[in-house]
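Coordinate analysis (summary)
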Amino acid sequence: MQLKWVEDFIALARERSFTRAAESRHVTHPAFGRRIRALEAWAGTALVERGGAEGESAPGADARSRGGAGGPVRLTAAGTAFLATAEQLARELSQSQEELRAIAGRQARSVTLATGRTLARTVLADALPRMRTVLRTAELHVVTNGLTQTVAMLERGEADLWLGYHHAALEVRLDGRAYAHATLASDRLVPVSRANAQGGPQHALSPTGPAVPYLAYADTLALGRLVEDLLARHPLAPRLRRIIECDSADAQYEYVQRGVGVAWLPWSMVRPDCQSGRLAPAGDRRLELRFDVRLVRPKRRLTEAAEAIWQALARN
């Protein structure tokens, strides 16, 4: 069965005339009649009373006998029963079509950006004002996860853009022939502790002194890989007593504020607290680690909305 047959039947039931129904459906009279008969063949029964019906004769009648000026078309009992089903089907399909078009419209203006939770809270949040104009017509979906998962989303085409850390210690292998990038920010990881009454660190790092309670990142996080690489190769690595491992920089930040221990946190996150005296650097600059934050995209043409967000974010 074809949807146009159902719509033809509804038009015929409304007009009660093959001629007027055919005109309303913008098809020729013979073609309209063939479509009604095709619907009846699918139904396995007559839906329209013929004989004296205007403009249509019984199935198999010679074409020259059609076109008489009989009375209004009448539906059979089966036709009357089917009309309610046909009208409901047409309504539901029309509504479904509108919903699908709305979904397609949202998809066309929807942009997915994959990143980590910390970057979503810091670098991306700082960049949002640059997208104010673009976001009037586009919708940004921010998906946060670990480094491996978010890179995989970009490679599988599940994300239009990827925002991530860039450092030699991170093994992010994206083919430069297929992907382009822009550096959005530079930052540094700083070991910080809750400040004491004198403004110094409550837990001070030392390569020879007592072991300091250490708040570590899970190795699924890029920040965790950076810190572990720093500690593994640093000639003056401090003595640490690992007490907590967590996959959230936000949680580590809260633990540091409560004096639980030392954590390496992005300077962009802790600068206000260090400047106000709530937190303090726990070691010297040699224990800090610098990194860049890159926005990465496929080199192929993206949707208009994704291209607009790329341009808004990538411009200096």
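To be clear, the structure that these remarks concern was listed above.
Owing to the predicted nature of the structure, the values given are computational and were not obtained by experimental measurement.

What counts as what
Residues numbered from 1 in each chain as written. Predicted model: local features only at pLDDT ≥ 70, side-chain atom pairs only at ≥ 80, totals over all residues. Heavy atoms only, no water. Helix = DSSP H or I, 4+ residues; strand = E, 2+ residues; numbered from the N terminus. Contact = heavy atoms within 4.5 Å. Phe/Tyr/Trp six-rings, centres within 6.5 Å; stacked < 30°, edge-to-face > 60°. Buried < 20%, exposed > 50% of the residue type's maximum accessible area, 1.4 Å probe, protein only.

Some points on the environment of Ala 306
Looking at the secondary structure, you find Ala 306 in helix 11 (residues 304–314). For the pair Ala 306 and Leu 161, spaced 145 residues apart in sequence, the C-alpha separation works out to 8.0 Å. Beyond its immediate stretch of four places on either side in the chain, Ala 306 contacts Val 111 and Asp 160.

Some details on the packing of aromatic side chains
Tallying each qualifying case throughout the model produces five aromatic pairs. Ring geometry for Phe 18 against Phe 32: centres 6.0 Å apart, planes inclined by 85°, an arrangement best described as edge-to-face. Placement of the pair is Phe 18 in helix 2 (residues 18–24) and Phe 32 in helix 3 (residues 29–43), with a sequence separation of 14 residues. The exposure classification of Phe 18 matches that of Phe 32, with both residues buried. Ring geometry for Trp 42 and Phe 82: centres 6.2 Å apart, planes at 55°, overall tilted. With a gap of 40 residues between them, Trp 42 in helix 3 and Phe 82 in helix 4 (residues 77–108) connect regions that are remote in the sequence. By relative accessible area, Trp 42 is classed as partly exposed at 47%. Judged by relative accessible area, Phe 82 falls into the buried class, the value being 14%.

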